[in-house]
Structures are given as C-alpha cells and as structure tokens.
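# Structure at a glance
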Amino acid sequence: MKRTAVELADGRELIYFDERDDAVREGLDRRDLPPPPPASQLRHDPLLDEWVAVAAHRQQRTFLPPADECPLDPSTPTRSTEIPAYDYDVVVFENRFPSLSERPGAPAGEITPFVPTRPGVGRCEVVCFTSDHNASFSTLPPSRVRTVLEAQIDRTLALSELPGVEQVFCFENRGVEIGVTLHHPHGQIYAYPFVTPRTRAMLAAAERHAERTGGRNLYADVLAAERAAGERVVATNEHWTAYVPAAARWPFEVHVAPHRAVPDLPALDEAERDSFGPLYLDVLQRFDALFDRPMPYISAWHQAPVHTGRDLSHLHLQLFSIRRAADKLKFLAGSESAMGVFINDIAPERSAELLRQAR
C-alpha cells in the first residue's frame, strides 16, 4: 500500500491510500475555497458530567446532493470535488464541516458557574472507501476492506499523537434512515479531546469485573461465553467471531470481535487484519439479505482510549440497525431518549437465527 499526503485548496490535509505502489498523485485542488471554520465550543453538562459540542457552522454542510454533484466522487476535467484525483482507491481527508478541529476557536470560559466551556479541539476526518458512487461497503472485495482497515490504523496512530486527543473513533453511518447526508460509501473518524460517555461506562464495568475476578478482562470473558453458548453466534473464523449480544439494545445488532484481546486497531496482527474482511463482509451481506433491501446501519469500532483504560479494553466492532421489520423502524422514543433504557422488540436469539438464515 502506498500512502500519499497532499493539501487541499483551503489547507486541509488529504491522504491517498493506494493499493498499487506505483500510483502517482500529482493533481492539484483547483477550487477557490474559504478557510476552514474554527473549532466548535464544548460545553460541560453538570447533570450528566458529559461534554456537548456546539458546532453551528455544520448547519451549512452539504445535504443529500444529486448524484452528479457528490463531493466525494473523484474530480473530472470539468468538475472539482473534495478529491482532486480522477480516480482513487481509499482516501482520507479532513472534514470541511468538522465537529472538532485543531484550528483556534473561542477560548475557555463559562456559560454559568456550573457550565464551563472550552474549545472543541480534535479532528474529524472522512474516509472514502471507493471511488464508485454506487457501491456499498458490502460490495467491496476483501482486499479493499484490508486497505480501509490499514487507513483506519494509520489514522488511529496519527490522531492519537495529536495534543489533547484522548480517544479515536472510526465509524460508518449508512442510509438516510440513520441520518446520512451523502450517499457515496464513506465513513468517518473522530479524534475526541475527552473519553466518550459510553467508553467511560464500559471501562467502569470492566474495572469492577477485574476487581471481582482477580484481573480478568470483562469483554474477553463475555466473548468466550457467547462462543461457548453458540446460540447467538452469526459467523466465525479462526480469528474473529460475530455474535448478537445477549442484552442487545437494537433489533439487529452484531459485535465482531477478535478472539485475542487487543486494545485497538493498530494492535491487530497480520493474520487478524487479513481475516477480518471476509467475516465482516459476510455479516453485512446478511444484513442486506434480511429484508431484501439495503439495511441502514451504524458500524462503530470500540477502541481503547489513548491514555487510560488500555488494559481493560478489548477491541470490537458494533454493527446495528434501527430497522426492526421490512416496513418498520425502531425510534428512540420516551424510554430510550429520555431515560436511556432500551426496549428491544426482537429477542436477540431470534435476531441471530434470522441473520444466520439470511443469504
């Protein structure tokens, strides 16, 4: 794989990840762009002890453009997009409308004595999986999945070195039902200046388990129990298992986890990197076959934070959909949105059975 970094017209970084070592990337961004926006403002919610980002400039981001105006397609001689090249394999670039940024923002202050503020320092990047506008992740070959994985590993390492970054999150949103604003197959990477609330809760549970069991890893124990039970396992190979969690929150939710406990993507060895793609593609294709239509989903890598909890973490990918039937979606209504208590309409065992049958 060849890695080539270039600068876009407004100073943002773009990186080509080419599968051919002889690829040449010399095209210049011909656009006349305004400077990128400053960092958002982070406000601390004292009632939940959580940070909230206020990024008003994102109201202006591109929203469901026609296919011939997609900013993630390759450029052409007559139209310049976010990617200057006329073709590409995998591309990563700084988001033009970021929630978090390295660029200066408003200084730290307070809204009230209970709500301090600080700049939303960090970075948001877009990962384009393919130049084919009409593709999806599930239609990629395993070799391309490996390239995407290498790009995510590269960015996890680089973003973890940025001052103030505490956690790196790689994810994909797919489908307008999820809230996608661009149809081109792509994912994102967020570099947060704090450990996210979900990760803090997971680490707290893992720490309590380690104290009770003399240092055992909670996720590794849960994974071993699911593999032993087998009832909720959807697919498996030598290095990975895909299973529906026994306490799944979503109608269709699958965890894809390596058998070896590693804290993050860079810690995967060559065999684990090679064997991830075929299994993950199998699960994605089952999602699409379930209702014979593209399944809206969120695909989220849970990695260890940069500076804390690394010995308690176990890398895994969480894949879930809000679709609960061919013509029904699960909305996060009162109990879920207000209280954080999920009510699942499908038993996880039934969900796993349906996914095993779907081909």
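To keep things clear, this report deals only with the structure shown in the data block. (Residues numbered from 1 in each chain as written. Predicted model: local features only at pLDDT ≥ 70, side-chain atom pairs only at ≥ 80, totals over all residues. Heavy atoms only, no water.)

Here we come to the nonpolar core. Ranked by internal contacts, the top residues of the largest apolar core, which has 50 residues, are Phe137, Val254, Val256, Phe276 and Trp301. Here the element with the most residues in this core is helix α4 (residues 270-290); it accounts for eight residues. If near-sequence neighbours (up to four positions away) are discounted, Val256 is found in contact with Trp240, Thr241, Ala242, Phe276, Leu279, Tyr280, His316 and Leu317. (Core = buried A, V, L, I, M, F, W, Y, C linked by side-chain atoms within 4.5 Å. Buried < 20%, exposed > 50% of the residue type's maximum accessible area, 1.4 Å probe, protein only. Helix = DSSP H or I, 4+ residues; strand = E, 2+ residues; numbered from the N terminus. Contact = heavy atoms within 4.5 Å.)

It is worth spelling out the packing of aromatic side chains at this point. Scanning the model with the defined rule gives 14 aromatic pairs in all. Note on Phe252 and Phe291: the rings are 5.8 Å apart at their centroids and 80° apart in plane angle, and the pair reads as edge-to-face. Taken together, the residues span a long stretch of sequence, with Phe252 in strand β13 (residues 252-258) and Phe291 in the loop between α4 and β14 (297-302) at a distance of 39 residues. The rings of Phe129, Phe137, Trp240, Phe276, Tyr280 and Trp301 are connected pair by pair, giving a single aromatic cluster. Over the ring of Tyr16 we find Arg25; its NZ or CZ atom is 4.6 Å from the centre of that ring. Sitting above the plane of the Trp51 ring, Arg118 keeps its charged end 4.4 Å from the centroid. (Phe/Tyr/Trp six-rings, centres within 6.5 Å; stacked < 30°, edge-to-face > 60°. Lys NZ or Arg CZ within 6 Å of the ring centre and 35° of its normal.)

A few words on α4. Given a rise of 1.5 Å per residue, 21 residues ought to cover 30 Å, and the 32 Å separating the end C-alpha atoms of α4 matches this to within 8%. Within α4, the axis deviates most sharply at Phe276, by approximately 30°, and proline Pro278 lies no more than four positions further along. By the criterion of burial, α4 is predominantly enclosed, with 15 of the 21 residues buried. The backbone nitrogen of Ala271 lies 3.2 Å from a side-chain oxygen of the residue at the head of α4, namely Asp269. After α4 finishes, the residue Asp292 shows a positive phi value of roughly 55°. (Expected span 1.5 Å × (residues − 1). Bend = angle between axes of the 7 residues up to and from the residue. Polar contact = N/O pair within 3.5 Å; in protein donor to acceptor, adjacent residues only side chain to side chain.)

Bringing the packing of helix α1 (residues 142-160) against α4 into the picture now. Axis angle and axis distance: for two packed helices, these are the angle between their axes and the distance between the axes, and together they describe the pair. The interhelical angle for the contact between α1 and α4, taken along N-to-C directions, is 125°, at an axis separation of 9 Å. Between α1 and α4, the crossing angle belongs to the class labelled oblique. α4 is crossed by α1, and the crossing has right-handed handedness. Here Pro142, Val145, Arg146, Leu149, Glu150 and Ile153 of α1 come into contact with α4, specifically with Glu270, Arg273, Asp274, Phe276, Gly277, Pro278 and Leu281. Its residues assigned to classes, the contact of α1 with α4 comprises seven nonpolar, one polar and five charged. (Axes fitted to C-alpha atoms, helices over the stretch in contact; angles between N-to-C directions. Parallel < 35°, antiparallel > 145°, perpendicular 65-115°, else oblique. Left-handed = near helix turned anticlockwise from the far one by under 90°. Nonpolar A, V, L, I, M, F, W, Y, C, P; charged D, E, K, R; others polar.)

Below, the discussion takes up unusual backbone geometry. Trans peptide bonds make up the majority, and among non-glycine residues the majority have a negative phi. Although it is not a glycine, Asp49 adopts a positive phi angle of roughly 55°. Its relative accessible area of 42% is what places Asp49 among the partly exposed residues. Positive phi is not limited to glycine here, since Asp292 has a value of about 55°. On the basis of relative accessibility, which here comes to 71%, the residue Asp292 falls in the exposed class.

Before going further, it helps to spend a moment on the side chain of Thr81. One can find Thr81 in the loop between β4 (50-54) and β5 (90-94). Judged by its relative accessible area of 2%, Thr81 falls in the buried class. Reaching out from Thr81, the side chain makes a polar contact with the backbone oxygen of Asp73 at a distance of 2.6 Å. From its side chain, Thr81 meets the backbone nitrogen of Ile83 in a polar contact 3.1 Å long. In this structure, Thr81 is in contact with Asp29, Arg31, Cys70, Pro71, Asp73, Pro74 and Ser75, ignoring residues within four places of it in sequence.

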